[in-house]
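Notes for the structure review
These are the residues of each chain, in order.
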Amino acid sequence: NSRTISLLSQLEKINSDSVLGESDSARHVTSKILHLVQSQEKTRKEMTSKGSTGIEVILSTLEVKCFNFFGCGFIAVLLFIIMKCCGRRASVLVTKGGTQILLQLLLTASKDSPPNEELMVLLHTLLAKIGPKDKKIGVKARINGVLNISLNLVKHNLQNHRLVLPCLQVLRVYSTNSVNAVSLGKNGVVELMFKIIGPFSKRNTSLMKVALDTLAALLKSKTNARRAVDRGYVQALITIYVDWHRHDNRHRYMLIRKGVLQCIKSVTNIKLGRKAFLDANGMKILYNTSQECLAVRTLDPLVNTSSLIMRKCFPKNRLPLPTIKSAFHFQLPVIPASGPVAQLYNLPPDVDDVVDESDDNDDAETESEIETEIDDDKDQHYKNDDIETDINKLKPRQELGRSIEELKMYEQFFPELSENFQEWDLVSKEPKPFVPDANLSGPIVVPTASEE
């Protein structure tokens, strides 16, 4: 413990020193801290324990100095601490303001030509670890202008899987924000994802799994879904799914097959996507593949997702159905010779007679999403507006079933609710205030006029 505290104290002294010639000392201290963190669990717990300033010292060093030649060491320290206990320690890093500092460091490091590959790998890996713990990381990334940094790295390093994998993981985190998904889609991220996931290959399956998850998140935006439909990617997704279904005989890549189905599910949220799915004979393909998966219990997630897609894309018809689509035939007693009912009965069997108006207002989607995100940017603190805080509104209002005038007719049956029972003073012949007796156990007797 004393050694760790001593090293952190030396690091604090370097931070306070305004002379930039202390880089050798900083590099030496960094290597020592990294060695302790890698070799001793006790040191990792101490740096993230309650009241410890270890994380704060490292983050302040990255924020103040930002030396590329020893910044990798500090990021490696943070990454190693978080990887050993991702949940709680990642939350500690977020609460200390680590997300903002790492995004700023990413922006600074991207200005180098060429960028430091080792630094970029460590930064993206660390951001991917802490991203799910920070609800505002998508907004912060857009404000700091780092959205396209990860995208450009993927574009120019498609063969460098060591760098592409963490960049895709960060893009997946960014894409959970709808405005970020639209912005990335305009810069060609959808087309880029299809370059990674196809054609069929069992090499680098981890990279393909992350790419499919990222694509599924991007296609939840209707703007990106329309872009994918216009470029014929629905047919490509169905082809990829069929290839994996045929080649994955031992069912080792069920997650990849499910990832493809998630992409199809996202793109069929819009009317154009459902039409493209039907035109590509997707209904028959998913039905046949689902039938083949029924015998294997571990493939139930594939069957469930396929069922959701087929139910969503199946043509909708009004009752009664006079065609072979219906298992029951509902015959109207009187069918007019003309009119809307006669037109429905005269439609061919494969016509969808229910007008799908779900995508009529898609043009205003992007604008509404951007306006929503602007409001969120103004309020950085998380606030749930659905929770009512007014106590008066939370109390249920008791309303009488009848008016007061109607209820007065029952007053004679309950005189104790309206009459004023008072004890009379026999001397002064005047009522005196009633004081209940604590020891009185029997009923209260009111004197009558004869007794007086």
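It should be noted that the structure appears before, not after, this text.
Attention here is on the structure that accompanies the text. These figures come from a predicted structure and were not determined experimentally.

Definitions and cut-offs
Residues numbered from 1 in each chain as written. Predicted model: local features only at pLDDT ≥ 70, side-chain atom pairs only at ≥ 80, totals over all residues. Heavy atoms only, no water. Helix = DSSP H or I, 4+ residues; strand = E, 2+ residues; numbered from the N terminus. Buried < 20%, exposed > 50% of the residue type's maximum accessible area, 1.4 Å probe, protein only. Polar contact = N/O pair within 3.5 Å; in protein donor to acceptor, adjacent residues only side chain to side chain. Contact = heavy atoms within 4.5 Å. Expected span 1.5 Å × (residues − 1). Salt bridge = Lys/Arg side-chain N within 4 Å of Asp/Glu carboxyl O. Core = buried A, V, L, I, M, F, W, Y, C linked by side-chain atoms within 4.5 Å. Axes fitted to C-alpha atoms, helices over the stretch in contact; angles between N-to-C directions. Parallel < 35°, antiparallel > 145°, perpendicular 65-115°, else oblique. Nonpolar A, V, L, I, M, F, W, Y, C, P; charged D, E, K, R; others polar.

The next thing to look at is the side chain of Thr 268. Relative to the helices and strands, Thr 268 is located in the loop between α17 (254-267) and α18 (271-279). Judged by its relative accessible area of 0%, Thr 268 is buried. Engagement of the side chain of Thr 268 in a polar contact is seen with the backbone oxygen of Ile 264, the distance being 2.8 Å. In this structure the side chain of Thr 268 is engaged in a polar contact, spanning 3.3 Å, whose partner is the side chain of Lys 312. With residues near it in sequence (within four places) discarded, Thr 268 still touches Gly 273, Arg 274, Phe 277, Ile 309, Lys 312 and Cys 313.

Moving on, we get to unusual backbone geometry. Cis geometry is adopted by the peptide bond preceding Pro 114, which originates at Ser 113 and carries an omega value of -5 degrees. Mapped onto the secondary structure, Pro 114 falls in the loop between α7 (98-109) and α8 (117-130). Notably, Asn 204 is not glycine yet its phi reads approximately 55 degrees, a positive angle. Mapped onto the elements, Asn 204 comes out in the loop between α13 (189-197) and α14 (205-218). Judged by relative accessible area, Asn 204 falls into the partly exposed class, the value being 38%. We note that His 251 has phi near 60 degrees; this positive angle belongs to a residue other than glycine. A residue is classified by how much of its surface remains accessible, and His 251, at 31% relative accessible area, is partly exposed.

Before going further, it helps to examine helix α11 (residues 161-174). Think of an α-helix as 3.6 residues a turn; residues three or four steps apart then line up on the same face. In this model α11 runs 20 Å from its N-terminal to its C-terminal C-alpha over 14 residues, within 8% of the 20 Å that 1.5 Å per residue would give. Regarding α11, the residues found buried are Leu 163, Val 164, Pro 166, Cys 167, Leu 168, Val 170, Leu 171, Val 173 and Tyr 174.

Taken residue by residue, helix α12 (residues 178-186) has Val 179, Asn 180, Ala 181, Val 182, Leu 184 and Gly 185 as its buried positions. Two to three positions downstream of the cap, the backbone nitrogen of Val 179 sits 3.1 Å from a side-chain oxygen, assigning the N-cap of α12 to Asn 177.

Turning next to the pattern of salt bridges. One pass over the structure, following the stated rule, counts nine salt bridges. Between Glu 117 and Arg 162 there is a salt bridge; the shortest N-O distance is 3.6 Å. Here Arg 162 lies in helix α11 and Glu 117 lies in helix α8, a separation of 45 residues in the sequence. Residue Glu 117 is classed as partly exposed on the basis of its relative accessible area of 35%. Given a relative accessible area of 44%, Arg 162 falls into the partly exposed group. Its salt-bridge partner being Arg 257, residue Asp 248 comes within 3.2 Å of it at the nearest N-O pair. Assessed through its relative accessible area of 2%, Asp 248 is described here as buried. Here the salt bridges do not stand alone but share partners, grouping Glu 117, Glu 118 and Arg 162 into one network.

The next subject is the nonpolar core. Core analysis: the biggest nonpolar cluster contains 101 residues, and Ile 33, Leu 168, Tyr 174, Met 193, Ile 197, Leu 215 and Phe 277 have the highest contact counts within it. Tallying contributions element by element places α8 first for this core, with nine residues. Every residue in contact with Ile 197, bar those within four places of it in the chain, is listed here: Met 208, Ala 211, Leu 212, Leu 215, Leu 237 and Ile 240.

Looking at the element boundaries, Ser 266 is found in helix α17. Excluding anything up to four places from it in sequence, Ser 266 contacts Ala 216, Leu 219 and Lys 220.

Across the interface, α12 lies against helix α15 (residues 222-230) with an axial gap of 8 Å and an inter-helix angle of 30 degrees. With respect to each other, α12 and α15 are oriented roughly parallel. Across from Ala 181, Val 182, Gly 185 and Lys 186 in α12, the residues of α15 making contact are Thr 223, Asn 224 and Arg 227. Classifying every residue of the contact of α12 with α15 by side-chain character gives two nonpolar, three polar and two charged.

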